[in-house]
Amino acid sequence: MNQLKTGTLYIVPTPIGNLSDITNRALKILKDVDLIAAENIRHTNILLQNFNIKNQLILMNKDNEKTQSDNLINKLKQGNKIALVSNAGTPIINDPGSILIAKCYFFHIKIIPLPGPCAAITALSASGIKNNRFCYEGFLPSKKKTRCDLLFSLKEETRTIIFYESKYRILQSIRDIIEQIDKNRHIVIAREITKKWESIYGAKAHLMLKWLQEDKNRYRGELIIIIDGFKKPQKNNLSKKVFDTFLKVKNFLSLKQSVLLTSQIHKISKNILYQQVIKNKDDKII
Ligand code: SAM
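Cut-off values and rules
Residues numbered from 1 in each chain as written. Predicted model: local features only at pLDDT ≥ 70, side-chain atom pairs only at ≥ 80, totals over all residues. Heavy atoms only, no water. UniProt positions renumbered as here; feature names shortened; annotations may be inferred. Pairing = 2+ DSSP bridges. Helix = DSSP H or I, 4+ residues; strand = E, 2+ residues; numbered from the N terminus. Axes fitted to C-alpha atoms, helices over the stretch in contact; angles between N-to-C directions. Contact = heavy atoms within 4.5 Å. Near = heavy atom within 4 Å. Polar contact = N/O pair within 3.5 Å; in protein donor to acceptor, adjacent residues only side chain to side chain. Areas by Shrake-Rupley, 256 points an atom, 1.4 Å probe, with all protein chains shown as cover.

As recorded in an unreviewed UniProt entry, the protein chain goes by the name Ribosomal RNA small subunit methyltransferase I, listed as coming from Buchnera aphidicola. Of the comments in the UniProt record for the protein chain, the one headed Catalytic activity (unreviewed entry) reads "cytidine(1402) in 16S rRNA + S-adenosyl-L-methionine = 2'-O-methylcytidine(1402) in 16S rRNA + S-adenosyl-L-homocysteine + H(+)".

A closer look at the sheet that holds strand β4 (residues 81-85)
Here we have five strands laid out as an open sheet, ordered β3-β2-β4-β1-β5, and parallel in their pairing. A single partner strand is all that each edge strand has here, and the edge strands are β3 (57-59) and β5 (110-113). Ignoring which end each strand starts from, the neighbouring axes of this sheet average 25 degrees apart. In terms of strand pairing, strand β1 (residues 8-11) meets β5 through four bridges, oriented parallel. Its bridge partner lying in β5, L9 is registered against I111. Contacting β1, β2 (35-38), β4 and β5, helix α1 (residues 24-32) runs over the sheet at an angle of about 125 degrees to β4.

A short note on the environment of F246
Within the fold, F246 resides in helix α9 (residues 240-250). Separated by 117 residues in the primary sequence, F246 and I129 have C-alpha atoms spaced 37 Å apart.

Brief notes about the site of the ligand
Taken together, 18 residues lie around the ligand, and I93, D95, A119, Y164 and L223 are the ones closest in. Separating an oxygen atom of the ligand from a backbone N or O atom of L223 is a distance of 2.6 Å. Coverage of the ligand by the protein amounts to 90% of the 580 Å² it exposes when considered alone. Those elements that provide at least two residues to the shell around the ligand are β7 (160-165) and β10 (223-227).

Put into structure tokens, the structure is as follows:
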């Protein structure tokens, strides 16, 4: 049986500021494909001209994504190779393209993603915040109530949280973080990554607000907010070993004597042990 050979969709990340950040492979794909689907024709033309690449461009932005996806699927079904690019960074990540991807899966069209720039990941890598576990939340909602509800729902999120934010809303968003999460939560603002005025600054939320308010230049341009995850308060910061000793000793001695002897055996402060014992008694842990 003759099987129809379909084309391929390449997801091609582009620089988030510094044009040198494009990969050799991305340039080769942009040159070799039959068509480039771009979020903004003028923007992508500037990129292509910079690398002496001539290729056919077709507009696919959030306004025409639904209809344009059908059009692109037809071209892919005919065997064309198409590159998808956005204005900056990795397409799909808060950029158009997810409808097209879903349709590619539906029609069994091959998708090849290229690795490359992404503002969220670049900022996270330099934030100094623990980043083995993180959640990406895209843009904070523009409506105050929705934004506050979302932030409140993330109050006890233990993973690092990443938001994209605009310079117009950053001050209000930081105020809302202070109100809904915690004024002492550590946050980092990454600004204009890979560009001339790149800056990465971290502080407790209330100090961050003060720092931003001191100088408008500190929040000009493109911004990312990274919030340290919630740290669960430790119920009992003395080891199980210490408590096991205490419980054994307690069978033979008074509370006071047991605390004293246990603290001497484990070389720890008798006052801290006493406080923990009382707290754990109150919490019915021992
Ligand atoms: N797809 C892109 C990516 O992979 O990063 C994100 C597109 S989203 C529409 C644009 C937002 O990303 C900006 O509003 C800003 O929050 C963030 N961003 C993009 N470039 C940035 C940069 N150079 N420095 C800081 N933030 C940036």
